[in-house]
Amino acid sequence: MQEDFTVRDHKRERIILFVLGTLIALGPFSIDMYLPSFGSIAKEFSISKTDVGLSLTSYFIGIALGQLMYGPIMDKYGRKKPLLFGLLIYFLAAISCAYSPTLMWLVISRFFLAVGASAGMVAAKAVVRDIFPPEEVARAISFLMLIMGGAPIIAPTIGGIVITYFTWHIIFIILSIFALLMFFSVFKFLPESIEPDKTVELKLSKVINKYYGIFTDKIFLTFSLAGSFTIGALFAYISNAPILFMDNFNLSETEFGWLFGLNAAGLIVGSQLNRLVLKKNSTFKVTKIISVALIGLSIFLILNSLWWNDFYLTIINLFFILFLLGFQNPNTTALSLYPFTKRAGRASALVGSLKMALGAIASFIISSLNTKSMLPMAIVIFSCLLISSFLIFRFQVKEKRALITIGR
């Protein structure tokens with residue numbers, strides 16, 4: 001049964017945001033925690049680290065498809081029951097990953113792990129849109145980023161420690177335990193935020209038609225794609241990070257875990273500064289400025305890869321790219337969801353799916369190149385951020401009326 005959110009209860013909202021933040025952290029935990037184990041997995045299955053990257057690509061595909069599946073389901077049946085079902089899928093898939101006898105088994109299990117994790121990603125954004133006023137959505141999502149942003153810092157460090165003292169299988173056992181804790185946390189603390197809408201059609205043709213209607217909304221189309229290309233840049237880095245740091249710069253698995261986490265701290269810092277900046281500036285204005293800065297940083301990354309290949313310049317450069325993505329990700333998400341209230345579940349699912357689809361493509365491109373060079377990663381990052389920036393500024397030129405609606 002839906003709870004009444006017309007009367008603001010800030011304590012209850014903080015509890016809900018904490019639960020949602022840990023839910024949405026399942027995604028990055030599932031990615032970042034096992035990155036330091038690429039070498040160990042490759043050794044056990046007698047394959048290359050590039051081949052192990054297929055399990056990362058299958059995860060991105062599962063996240064993209066899973067979110068599309070959960071969107072209409074959560075609009076029809078509410079947020080809570082499908083979310084609990086997704087966490088159960090995640091738990092079973094994590095156990096399957098832990099006992100994978102072959103790479104292909106692991107690749108398929110990672111796909112279903114992503115399908116389970118996608119329930120939390122859809123529910124988190126949808127519930128925020130359900131209970132917060134439109135002007136507060138970006139700040140609420142930034143708060144989620146504070147919790148979620150801890151995952152890229154903690155997860156690879158934990159993964160590196162586990163690999164040092166145990167085997168890579170234990171990583172997925174830990175993830176299965178985390179999923180169980182989240183199941184009971186959602187059951188006890190997360191209220192239902194919408195009244196289930198039994199009129200929502202789950203027939204495939206109807207679902208596709210509804211998604212098409214959302215996708216063609218001018219505001220959604222612009223900012224969902226702009227945000228998706230920035231995520232493509234992020235996952236180009238994530239996919240290349242093990243090879244870049246452990247093969248190119250010769251870091252150990254433990255050193256990689258610490259460095260990856262330290263570098264990812266920029267994402268948290270950016271998302272929290274974004275909350276402060278949004279108090280005095282419009283979401284669209286901040287998004288424009290950040291997009292220009294990201295282009296400049298990505299150009300410097302290309303120059304570094306061509307002429308210097310310097311370790312410290314690379315770390316600093318990537319830190320500031322992630323720092324600015326901490327602004328860009330919640331802002332583009334909030335702007336894309338702005339036109340929707342009743343269809344927030346499907347809109348949230350579609351924007352999440354688009355982001356993961358671009359992430360899967362970027363990951364596949366990087367993995368298929370099979371090189372220690374930083375240049376392909378730098379070019380993919382630059383290309384994604386350039387397209388994102390183009391979409392944002394094209395919207396400013398062509399959609400002046402829509403800008404008045406969402407705020408300059």
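Treat the numbers as computed from the prediction; the structure is a model and nothing was measured. (Residues numbered from 1 in each chain as written. Predicted model: local features only at pLDDT ≥ 70, side-chain atom pairs only at ≥ 80, totals over all residues. Heavy atoms only, no water.)

### What to know about helix H6 (residues 103-131)
Its 29 residues give H6 an end-to-end C-alpha distance of 42 Å, which sits within 8% of 42 Å, the value for a rise of 1.5 Å per residue. The sharpest bend along H6 measures roughly 25° and falls at alanine 117. Counting buried residues in H6 gives 23 out of 29 residues, a clear majority hidden from the surface. (Helix = DSSP H or I, 4+ residues; strand = E, 2+ residues; numbered from the N terminus. Expected span 1.5 Å × (residues − 1). Bend = angle between axes of the 7 residues up to and from the residue. Buried < 20%, exposed > 50% of the residue type's maximum accessible area, 1.4 Å probe, protein only.)

### Quick look at the nonpolar core
Counting residues in hydrophobic clusters, the biggest one holds 131 residues, and the most contacted among them are Leu20, Phe172, Val186, Tyr237, Phe245, Met377 and Ile381. The dominant element in this core, judged by the number of residues it contributes, is helix H11 (residues 218-248), at 17 residues. Sequence-distant contacts of phenylalanine 245, defined by excluding residues within four places in its chain, comprise Tyr237, Asn250, Leu251, Phe256, Leu259, Phe311, Ile315 and Leu318. (Core = buried A, V, L, I, M, F, W, Y, C linked by side-chain atoms within 4.5 Å. Contact = heavy atoms within 4.5 Å.)

### Section: the packing of aromatic side chains
If you walk through the whole model with that rule in mind, you get 17 aromatic pairs. Between phenylalanine 29 and phenylalanine 178, the aromatic rings sit 5.6 Å apart at their centres with planes inclined by 45°, giving tilted as the arrangement. Of this pair, phenylalanine 29 sits in helix H2 (residues 26-32) while phenylalanine 178 sits in helix H9 (residues 169-189), and the two are 149 residues apart along the sequence. For phenylalanine 29, a relative accessible area of 15% corresponds to the buried category. On the numbers, 5.5 Å between centres and 75° between planes, the contact of phenylalanine 323 with phenylalanine 327 is edge-to-face. Note that phenylalanine 323 and phenylalanine 327 are positioned in helix H14 (residues 311-337) at a spacing of four residues, about one turn of the helix. Take phenylalanine 323: its relative accessible area is 16%, and that puts it in the buried class. On the basis of relative accessibility, which here comes to 6%, the residue phenylalanine 327 falls in the buried class. A network of ring pairs unites the aromatic residues Tyr34, Phe38, Phe45, Trp168 and Phe172 as a single cluster. Over the ring of tyrosine 77 we find lysine 76; its NZ or CZ atom is 5.8 Å from the centre of that ring. (Phe/Tyr/Trp six-rings, centres within 6.5 Å; stacked < 30°, edge-to-face > 60°. Lys NZ or Arg CZ within 6 Å of the ring centre and 35° of its normal.)

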